[in-house]
Structures are given as structure tokens and as C-alpha cells.
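Spelled out, the chains give:
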Amino acid sequence: MNLDAVDLALLEAMNAHPGAGPLELSRHAKVARATVTARLKKMEDAGVIAGYVPHIDLSAAGFGVQAFVTLEIAQGALDRVTAELEAVPGVLEAFATTGSGDVLCRIAAASHQDLQATLLQLNRAGIANRSTSVMVLSVVTPFRSMPLMRTLEAGQRTKAPAYRGGER
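All values derive from a computational prediction rather than experimental measurement. Numbering of residues starts from 1 in each chain and follows the order in which that chain's sequence is written. pLDDT decides what is reported in this predicted model: residues at 70 or higher carry local features, side-chain atom pairs at 80 or more are listed and counted, and totals for whole chains, interfaces and linings draw on all residues regardless. The side-chain figures draw on all heavy atoms in the structure; neither hydrogens nor water molecules are used.

Caption draft 1: Expanded view of the overall build of the protein. Strands are runs of DSSP state E lasting at least 2 residues, helices are runs of H or I lasting at least 4, and numbering of each runs from the N terminus. Of the regular secondary structure elements, the protein holds six helices and four strands. Order of helices (α) and strands (β) in the protein, N terminus to C terminus: α-α-α-β-α-β-β-α-β-α. Computation of the radius of gyration draws on C-alpha atoms, with the globule rule given as 2.2 Å multiplied by the number of residues to the power 0.38. Relative to the 2.2 N^0.38 estimate, which gives 15 Å for 168 residues, the radius of gyration of the protein is 21 Å and therefore markedly larger than a compact globule would have. Counting only C-alpha atoms, the protein reaches 60 × 35 × 25 Å along its principal axes. Only protein chains enter the accessibility calculation, which uses a 1.4 Å probe; a residue whose area is less than 20% of its type maximum is buried, one above 50% is exposed, and one in between is partly exposed. With 168 residues in all, the protein has 29% of them scored as buried.

What follows is the structure, given as C-alpha cells:
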């Protein structure tokens, strides 16, 4: 999907004001509410907007211990590994990777003991030949997407008055 200046402005507004509805977003993005509704639907249908979920601070919720765990798995076992990882509540996300490891997981726990219990659970499941853990000390740069989105050149012209001539 080619995003234009209006789409990017809506994404910026949504990022800056996560709970805003279409009317408030229209004010921030300087376009009509109907435009906001249509553009959001278009981006949802294209998969650019993947969902609307609250951003949860895991530390504030009681899960202040995090680690990245690299798993070396048997060749062809990714489907089984996926099912096992999805069954473990502390596994926040997992990625198939290249390099010395095969799967990189981000795991959260309430304590070091709980993290160890999660790692032992993964070990007992027999999904990995070897695992390596790296503890998170602090978040240096939280997950973000807007700096990357800002690098997109507007792929389409827009008729929205606030975005003619590249001005906002």
C-alpha cells in the first residue's frame, strides 16, 4: 500500500493520541472525519494497521524481569516449537532467525525465580537442543514504528487542502 501524507498524518496522530476517536484524529490530522474513517478502514484492510490494543507496561503490571532467549532447534521443528512457545504465557514474542540460533524469544516474568521456571518449562518441553539467555537490564529504545514510517515518501498525491504542496 502506498501511504500518502494524510495516511502518515493519521498514523502520527494515532501514535501521539492513542485513545483518540475519529473526530479527535480529524482535528489533529486536519482532515474531515469521514476522511479519517475511510483512511483508517483502508489501512486496516491493507494490514498496515494491525490492531488496536492497549500498550501495557509489563514492569508496572508486576512483570519486571525480561530476557531474550535464543533457541537452537531441530531442523524442521518450527511448527512444534511455535505451538509450545504459544502455550507458555511468559513468552511475549518469538522470531525465526538466521545465525547461530533458530528462534529468538522475548520472555517476561515477575521474578528471576519465575523466569527460571519458564526456562525450565521450555527445556522440559524438549523443543530446543540448546538455549542461551540474555537478561534485560533496562529499555534503551522502546518498540517504535513512526520514525521508520516517517522515512516513507508519500506515494500518492492527496486532495486534502492541508497537505497540498507538502505543507502541514
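Caption draft 2: How the structure looks around the environment of Val-53. Inspection of the secondary structure puts Val-53 in the loop between helix 3 (33-46) and strand 1 (65-72). Each C-alpha atom of the pair Val-53 and Leu-152 lies 24 Å from the other, and the pair is 99 residues apart in sequence.

Caption draft 3: A look at the packing of helix 1 (residues 5-16) against helix 2 (residues 22-29). Between the N-to-C directions of two axes lies an angle of 0 to 180 degrees, each axis being a line fitted to C-alpha atoms and, for a helix, fitted only over the stretch in contact. Taken N-terminus to C-terminus, the directions of helix 1 and helix 2 make an angle of 120°; their axes are 9 Å apart at the nearest point. Considering the relative orientation of helix 1 and helix 2, their crossing is right-handed. Residues Ala-9, Leu-10, Ala-13 and Met-14 of helix 1 form the contact with helix 2, whose own contacting residues are Leu-25, His-28 and Ala-29. Each crossing gets its hand from how the near helix is turned against the far one by less than a right angle, where anticlockwise is left-handed and clockwise is right-handed. Every residue pair with non-hydrogen atoms within 4.5 Å of one another is taken to be in contact.

Caption draft 4: Region of the structure containing helix 3. In a helix, the anticipated span is given by 1.5 Å times the number of residues less one. For helix 3, spanning 14 residues, the distance from its first C-alpha to its last is 20 Å, which sits close to the expected 20 Å at 1.5 Å a residue. Of the residues making up helix 3, those classed as buried are Val-36, Arg-39, Leu-40 and Met-43. On an axial view of helix 3, the arc spanned by its buried residues comes to 100°, and they lie on one face. Opposite its buried face, helix 3 presents the exposed residues Ala-34 and Asp-45, each directed more than 90 degrees away. Buried positions along helix 3 lie against helix 1 and helix 2. Backbone geometry just downstream of helix 3 places Gly-47 in the positive-phi region, at approximately 85°. Directions pointing from the helix axis toward each C-beta atom define the arc.

Caption draft 5: The layout of surface pockets, seen in detail. Cavities and pockets are found on a 1 Å grid laid over the protein atoms alone: a cavity is a set of points where a 1.4 Å probe fits but cannot escape, a pocket is an open set with protein on both sides within 12 Å along at least five of seven lines, and a lining residue has an atom within 4 Å of such a point. Grid points are joined across faces, edges and corners, and a volume is the space filled by probe spheres set on the points. Considered as a void within the structure, the largest pocket measures approximately 1,900 Å³ in volume. In terms of lining residues, the largest pocket is bounded by 45 residues, among which Val-53, Pro-54, His-55, Phe-143 and Arg-144 are the most central. When contributions to the lining of the largest pocket are tallied by element, the ones reaching two or more residues are helix 1, helix 2, strand 1, strand 2 (91-96), strand 3 (103-109) and helix 6 (146-149). Ten residues, namely Ala, Val, Leu, Ile, Met, Phe, Trp, Tyr, Cys and Pro, are considered nonpolar, four, namely Asp, Glu, Lys and Arg, are considered charged, and the remaining ones, Gly among them, are considered polar. Looking at side-chain class alone, the lining of the largest pocket contains 29 nonpolar, 12 polar and four charged residues.

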